[in-house]
Amino acid sequence: MMAYAVETVNNSTEILPGITVNIKRFSGRKKRCSADLGYFGDSGGLASSLMALDIIERNTDVVGVVGAQYSTTAKGPAEILSNNMIPYCSSTCGAPLTIPAYNGFGDQFNVLLKEWNIRQVGLVYSNTELGRGAASSFLDSMDRNNIAVVSQLQLNSYYSTNDLNYALFQLELTNARYVVVFGNGIFTGQFIQKFRAAGMMDSGERVLFISATPSIAFTSEDSADLLSGVIILQPKGNGDTPAGRRRTELLQQRYPDMPVTQMGLPMAFDCVLMMLMGFHRLVMKSGIDGEQLPSRKDMNFTLFQNLGYAGLYNDPMELDEFGDLKLGYIAYYYTGNYLNSTAFGEIDLNATRFTPLNDVKAVFFNGSTSPPWDGKTILQEFKPSETSKAIVYIFSLLGLFLCILSCWAISGTLPRKTRRGVLWQTYYIILGCALGYVYIILIRVEPSSRAICLLREGVLVSSFAIVFSNAIFKHALIAYIASRKVKLKNSREIVLFFWTMCAAAIVLEMVIFAFYAWKVKISIQATSADTGAFYFKQCVHMAPIPTTSLLLIAYNILLYVGLLITIFLQSRIPSIELNESSNLSIMAAIIPISYFISDSLSEHSKDPYLDFKVAICVFIAVTTTLFVTVGKKLLEVLAASIKNLQKKRIEGSRGFGSIPVRICVPRVMYQMKRANSWLHTEWRGGVCELNTCGPKTWLSFAGIQTDDVFVLSEMRVHLKQDTSVALSNKVCWIFVEFDSQQERTAFIDQLKPHC
């Protein structure tokens, strides 16, 4: 057919007069095809791309290329040739893969849906360039025309039974009565079979739409009745034009052995004619001859626009601003008799009007000619109240302010000696908490894409990893140093080791999450609210759960166990200033509590305020963590600094004296128990004295290795039946042992005036 088109131009006095067009044949086959019968062409991928390079580099006399490649494989050679100023036309493209964002493709559906007064639909599409591109245009059109897409489901070309069951469940859950399917012929054919086999159309209340896939894959004529009730939209144009009929007669005379019903013949002829008519326009405009055409200058698709060509495939043949053929669409319904279909309406070129054909009505499943109802209610997209939005933003901004305030207090207001004692992990913990507050903001961002869903999870995982890893290794380092009774000679190497382990723990979490993000299947689902009047979008993880997801959960559990071990090590530190076991225990408790509360809320997936409630849980968990790991200690240091200033003011006016306790023995034995660590006790011995400093009286025990000093005004005396006395304050308990009741009584008498 292409050779016949070239013959037509060479015999014409109106197109390229005086110029002879020659044909070069390029094929991916080893065996050469007959020149007389032409070459329909295989849908090659790599071979056709290599041939495109060969044409550009070695065949410099080629000025245009006409092929017979399908949609996906035509795109690569088209881009290669076009970048080198060689126009390309394929006669067998069944889908507009080269159109940016499938411009206007979804508007064709909008016209028919509005004709039937349909206000809500479901969408299923394949995870391919064809499926994603068509779905993108469809969603854009539905959004502009206020038609709700209550369910969006992306499936792999070879989806599992679990994926299919989940898709059917979502369509049932969202009450999607009209379901649009995008994919190649195999994908749509298999989905229709399984959709019908699941009984989804038995009630006659559901309608399936498919488009851009004229070849539906069915295994036998018996199974083709499953197509009954399926609607298909196809580009207008079938070769039955006046010019097409005349050319067909001439073609049969020229090539009597060629089957005229072969697919793509009208389009092949039109491809060649339009290309050569464009070259004719260039010759007339530039005044060049045929020998100058191979210079490949001034070539672009505007040469082929508005040619006034009445084609075999369609009349007229016009290109839009993207270089694609302008076509209206025809709506068909499948009769259920093999692959036969009947046209019942036409959508104009600009997708603005639907026109019935010959008073034919669409026949749906069970023989009905009335469009089924589109659902129980017309769902409106849920819009959160301004108050809930404001609360979320206030929470997140308040948290970020607390993080900035903490960093400023540590670096700018603490005494220099105190600042030198602050480990860098403290700043990293503040950074992790700041990411937690950023996550709260992201919760209110509508999940319009898989990237936003993964961004949410990534920020939350990063926050957890940074806070927990730094809390673990910071306090483990303190516990390790405090457990040593001697000065560490290799302290720098030890600190570097703990910091390296902390960084490795964070990096490992990020690597696991990266693999998880690569493997996990996330779909943006429109879920109807509990009230039934609204729907809202959610990020939904589709089955099956990848192994990396389980690995990520296991690793986070391991970090939590590491925190529990750190708490145990901290509890053995005798120094009150270094012992952070109680604070870490609060952190270890609030995190799982918040998680389980959020998880229980997630079970009510139809709650439109679910994200708002989760944001509150996250705010409480992050703020509590920030307070117990940084804020509380910061307040203690600031309070101590204030007390030191007060002490300096009174040192000049008040003396310091010592009052020895008059007891029968110079030394006593006493047992200490920390209030935050009842498992850790010590017995000590020392000389007991009463000391005055300003308005306070102090009880001191002077031992060989250490001294213990307590403010008597803050102590309570607990008398016992034996020869011991118990003293307590908010921090610890002291049990003093005496040899006799007389020693015990003398000790108590001296303490009473000061306690």
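Residues numbered from 1 in each chain as written. Predicted model: local features only at pLDDT ≥ 70, side-chain atom pairs only at ≥ 80, totals over all residues. Heavy atoms only, no water.

Novice: I'd like a description of the packing of aromatic side chains, backed by residues and values.
Specialist: A complete count under the given rule lists 18 aromatic pairs for this structure. Ring centres 5.8 Å apart and planes at 85 degrees place the aromatic pair Tyr159 and Phe187 in the edge-to-face group. You can see Tyr159 sitting in the loop between strand 4 (148–155) and helix 6 (161–173) and its partner Phe187 sitting in helix 7 (residues 185–197), a full 28 residues away along the chain. Overall, the relative accessible area of 9% leaves Tyr159 in the buried class. (Phe/Tyr/Trp six-rings, centres within 6.5 Å; stacked < 30°, edge-to-face > 60°. Helix = DSSP H or I, 4+ residues; strand = E, 2+ residues; numbered from the N terminus. Buried < 20%, exposed > 50% of the residue type's maximum accessible area, 1.4 Å probe, protein only.)

Novice: Talk me through the nonpolar core; I want residue IDs and the actual numbers.
Specialist: The biggest cluster of nonpolar side chains holds 59 residues, and the ones touching the most others in it are Cys403, Cys433, Tyr437, Ile440, Leu563, Met587 and Leu626. Discounting residues that sit within four places of it in the chain, Leu563 has contacts with Phe468, Ile472, Leu584, Met587 and Ala588. Ile15, Val21, Leu307 and Leu312 belong to the second largest nonpolar core, which has 33 residues in total. (Core = buried A, V, L, I, M, F, W, Y, C linked by side-chain atoms within 4.5 Å. Contact = heavy atoms within 4.5 Å.)

Novice: Give a detailed account of the environment of Asn691, specifying residues and quantitative values.
Specialist: Summarising the element assignment, Asn691 is placed in strand 16 (residues 677–693). A C-alpha to C-alpha distance of 9.9 Å links Asn691 and Leu712, two positions 21 residues apart in sequence.

Novice: Help me get a handle on the pattern of salt bridges, residues and values and all.
Specialist: This structure, assessed with the given rule, holds four salt bridges. Notably, a salt bridge pairs Arg144 with Asp140, separated by 3.0 Å at the nearest N-O pair. In this pair, Arg144 and Asp140 both sit in helix 5 (residues 129–144), four residues apart, roughly one turn of the helix. Residue class for Arg144 comes out partly exposed when judged on its relative accessible area of 47%. Bridged by salt links that share partners, the residues Asp107, Asp140 and Arg144 form one connected network. (Salt bridge = Lys/Arg side-chain N within 4 Å of Asp/Glu carboxyl O.)

Novice: Please set out the state of the cysteines residue by residue, giving values where relevant.
Specialist: Under the criterion given, the structure shown has one disulfide. Cys407 takes part in no disulfide bond, and the closest cysteine sulfur to it belongs to Cys403, at a distance of 7.1 Å. With relative accessibility at 25%, the residue Cys407 sits in the partly exposed group. (Disulfide = S-S within 2.5 Å.)

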